[in-house]
Amino acid sequence: MKTIALQFRDFFVSLKLTVVLLVLSLVLIFAATLDQVNLGIWAVQEKYFRALFVLWRVGEIPVPVFPGGYLIGGLLLINLVAAHVYRFKLTWRKSGIFLTHIGLILLLLGQLFTGLWQEEYQMRLAEGETKNYSESYRNNELAIIETTDPKFDHVVAIPESLLAHKAEIQHPSLPFRVVTRAYYPNAALQIRSNAAGEPPAPATAGVGRKLIVTPLPVTYKQDELNFPAAFIELIGPEGSLGTWAVSTQLATSQTVEYAGRSWRLGLRAQRAYKPFSLTLEKVQHDLYPGTDIPKNFSSKVRITTPDGRDDREVLIYMNNPLRYAGLTFYQYQMDSEHDTSVLQVVRNPSWLVPYISCSLMAFGLLVQFGIHLTGFIGKRRRAIA
Amino acid sequence: MLFRLAPVLLAALVLLPACRDEKITDYRVPKEKPEPLPPILTGQLPTGDAGGGSASNMAGAAVPTATGEGLSWTAPAHWKPKAASAMRKGSYAVPGENGADADFSITAFPGDVGGELANVNRWRGQLELPPLNESDLPEATTRLEQNGLNFVVVDFSNDKLAKPQAILGALVPFDGATWFFKLSGPAMLVGNEKTAFLTFLKSVKPAAPARATQ
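Remember, it's a predicted structure, so these values are computed and weren't measured experimentally. (Residues numbered from 1 in each chain as written. Chains lettered and ligands numbered in written order. Predicted model: local features only at pLDDT ≥ 70, side-chain atom pairs only at ≥ 80, totals over all residues. Heavy atoms only, no water.)

This part is about the overall build of chain A. A tally of regular secondary structure across chain A gives 6 helices and 18 strands. Relative to its 385 residues, chain A shows a buried fraction of 44%. Put simply, of all contacts in chain A between residues at least 6 apart along the chain, 53% involve residues at least 24 apart. In the form shown here, chain A has an accessible surface area of approximately 20900 Å², with 61% of it arising from carbon and sulfur atoms. (Helix = DSSP H or I, 4+ residues; strand = E, 2+ residues; numbered from the N terminus. Buried < 20%, exposed > 50% of the residue type's maximum accessible area, 1.4 Å probe, protein only. Contact = heavy atoms within 4.5 Å. Areas by Shrake-Rupley, 256 points an atom, 1.4 Å probe, with all protein chains shown as cover.)

Right under this line is the structure:
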């Protein structure tokens, strides 16, 4: 009688599991493609593929209804590795299949690492503008920027997720506590009128006193943005310094003065600072003659490092990104009428893996086909002789 | 071997995403120039709508922005686009001298948003001008019809303010919503931009074939 361990092993090794997982992945991709209409591409990836289970909300409780991409991909990976350990025998005649499978394992692992480690930011530059940071597409941060030093700004950046959890924050660089009184993932700002009967402003300092913050439903549409907002109270040892309204629609220009020090604060797209800067020297937007169909977008940028080690011009255009310091800068959007270019800035430590795995799979298939072909030719020759 | 390996792999799959937990960061950067706040919030433009009557209630109400098929336009080359917002369909800075820019906004809200008079008076209120009566409207407004759209255009300025301000505005009913085009800022700059504003209005057309224009 088989032990439980052996049954467990047989389950992971079985070809039936492979077939079931492939069918499940087909269904998952089909459902996710349909749901893209409602959620947009990013939310679909998070819900269906970058998850162990697809969850449906029944009331407030998330209920798993289908295996997600990580679970199916993970099981496929285990299934394939297990099959090689226990089922397949490495022989010369099957070396092509072996190589193809190694390529597939690498592809699955590469996708897992990409999902876990890839970071996508953007850098919006007007012609002549220089920036040494990129900005997140989706994540925001509460930036509390000390401007007391005449040469440097000292930034304490609090991720939006902490505001959403209404965490009370005491940071060693700040002489006050930061308390989130209210947080809205999407909100409209309106100018407060002087009409009677309007509720008092929750903000007691800054421009928030002149604003009404109205929560809006979160949008998942690809061409719409969410504009989060929050009411932030700063509390010093002697008591409250005031409550500020912050929103990604307001610049980080509201000021706080306390104990002889000055700060600016505001909600902004999460920034990733670089040890180098990019200057947009020229944007070019070519159309096919006589049409409005884009032919090519290109951005001429200058990379400079503070130590002077790098100071060179680079042309970034479609399918010709700039790879620098572990980052890849793709030409993403362009507004040539206003001389503005948006570069997509991607950090993906495993970017080479898909190339290696596809080459391995192609080579493996070629080897396998070659072995069969030579065998077939040999057989025919022997038959003729 | 696999029996021991499988749970480890699964646990790794579950736990690895936790490594991406976001943390507070703390760093120094060379001094940066902060972006300015909108003039309407910093007192360069009055925020109140004195004498706005029903318009003042409208300004304070929580109104969703219009959805559905929109309008398209081509902005003059020297207007610099700004990031649109939840309230704004389009946003431009119109450069003036010494950094005194004017602001051009495109917004849209469902329904008639209180009607022509209320909206015209809302704009007058922003310039601290007295409200108009229904009978004053024909004289105070210009009507333009182009690309199947019926615009109501106004040109108000107040030279009695410490810094003279002006508003060039247009509103147009489209597809069950009202669209507002407003250029506001220093009176001199807004006056100089009137031709560009009217040329801009000529470029406004339905993004998709119009379903209802009135």
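What follows deals with the overall build of chain B. A count of helical and extended segments in chain B gives 6 helices and 10 strands. With 214 residues in all, chain B has 44% of them scored as buried. Partitioning the intrachain contacts of chain B with sequence separation of at least 6 by distance along the chain shows that 56% fall at a separation of at least 24.

Moving on, we come to the pattern of salt bridges. Residue and element names in this part refer to chain A. Applying the stated criterion across every chain, the model contains 18 salt bridges over all chains. Here Glu 46 makes a salt bridge to Arg 50, at a shortest N to O gap of 3.4 Å. Note that Arg 261 and Glu 146 form a salt bridge whose closest N and O atoms lie 2.9 Å from each other. Of the two residues, Arg 261 sits in strand 13 (residues 261-287) while Glu 146 sits in strand 4 (residues 130-146), which places them 115 residues apart along the sequence. Owing to a relative accessible area of 26%, Arg 261 belongs among the partly exposed residues under this scheme. Through salt bridges with shared partners, a single network forms among Glu 281, Arg 302, Asp 311 and Glu 313. (Salt bridge = Lys/Arg side-chain N within 4 Å of Asp/Glu carboxyl O.)

Bringing the nonpolar core into the picture now. The tendency in soluble globular proteins is for nonpolar side chains to be buried as a group. If you look at the biggest cluster of nonpolar residues, it comprises 29 residues, and the most contacted ones within it are B:Phe104, B:Phe151, B:Trp179, B:Phe181 and B:Phe200. Considering every element that reaches this core, the biggest residue donor is strand 8 (residues 165-174) of chain B, with 5 residues. With sequence-adjacent residues up to four places away left out, B:Trp179 is seen in contact with B:Gly70, B:Leu71, B:Trp73, B:Lys89, B:Ile106, B:Thr107, B:Ala108, B:Ala170, B:Leu171, B:Val172 and B:Phe174. By size, the runner-up hydrophobic cluster in this structure holds 21 residues, among which are A:Val156, A:Ile232, A:Leu234 and A:Trp244. (Core = buried A, V, L, I, M, F, W, Y, C linked by side-chain atoms within 4.5 Å.)

On to the sheet that holds strand 7 (residues 177-184) of chain A. Residues and elements named next belong to chain A. Spatially, 4 strands are ordered 6-7-10-11 in an open sheet, and the strand pairing comes out antiparallel. At either margin of the open sheet sits one strand with a lone partner, and together these are strand 6 (168-170) and strand 11 (239-247). Geometrically, the sheet is characterised by an average inter-axis angle of 25 degrees between neighbouring strands, direction not taken into account. Sheet topology places strand 7 next to strand 10 (residues 229-236); 7 bridges connect them, and they run antiparallel. (Pairing = 2+ DSSP bridges. Axes fitted to C-alpha atoms, helices over the stretch in contact; angles between N-to-C directions.)

Take unusual backbone geometry next. In this model, A:Ala259 sits at a positive phi of 50 degrees, which is unusual for a non-glycine residue. Positive phi is not limited to glycine here, since A:Ala325 has a value of about 50 degrees.

The subject of this paragraph is the sheet that holds strand 9 (residues 177-186) of chain B. Residue and element names in this part refer to chain B. With antiparallel pairing, 7 strands are arranged side by side in an open sheet as 3-4-5-9-8-7-6. Both edges of this open sheet fall to strand 3 (80-81) and strand 6 (141-146), since each of them pairs with a single strand only. Looking at chain direction, strand 3 and strand 4 (residues 88-94) are connected through 2 bridges and run antiparallel. From the neighbouring strand, Pro 81 faces strand 4, where its bridge partner is Tyr 92. Of the strands in this sheet, strand 6, strand 7 (149-158), strand 8 and strand 9 are in contact with helix 3 (residues 116-126), which crosses strand 8 at around 160 degrees. Running at roughly 10 degrees to strand 8, helix 6 (residues 194-203) makes contact with strand 5 (102-110), strand 6, strand 7, strand 8 and strand 9 of the sheet.

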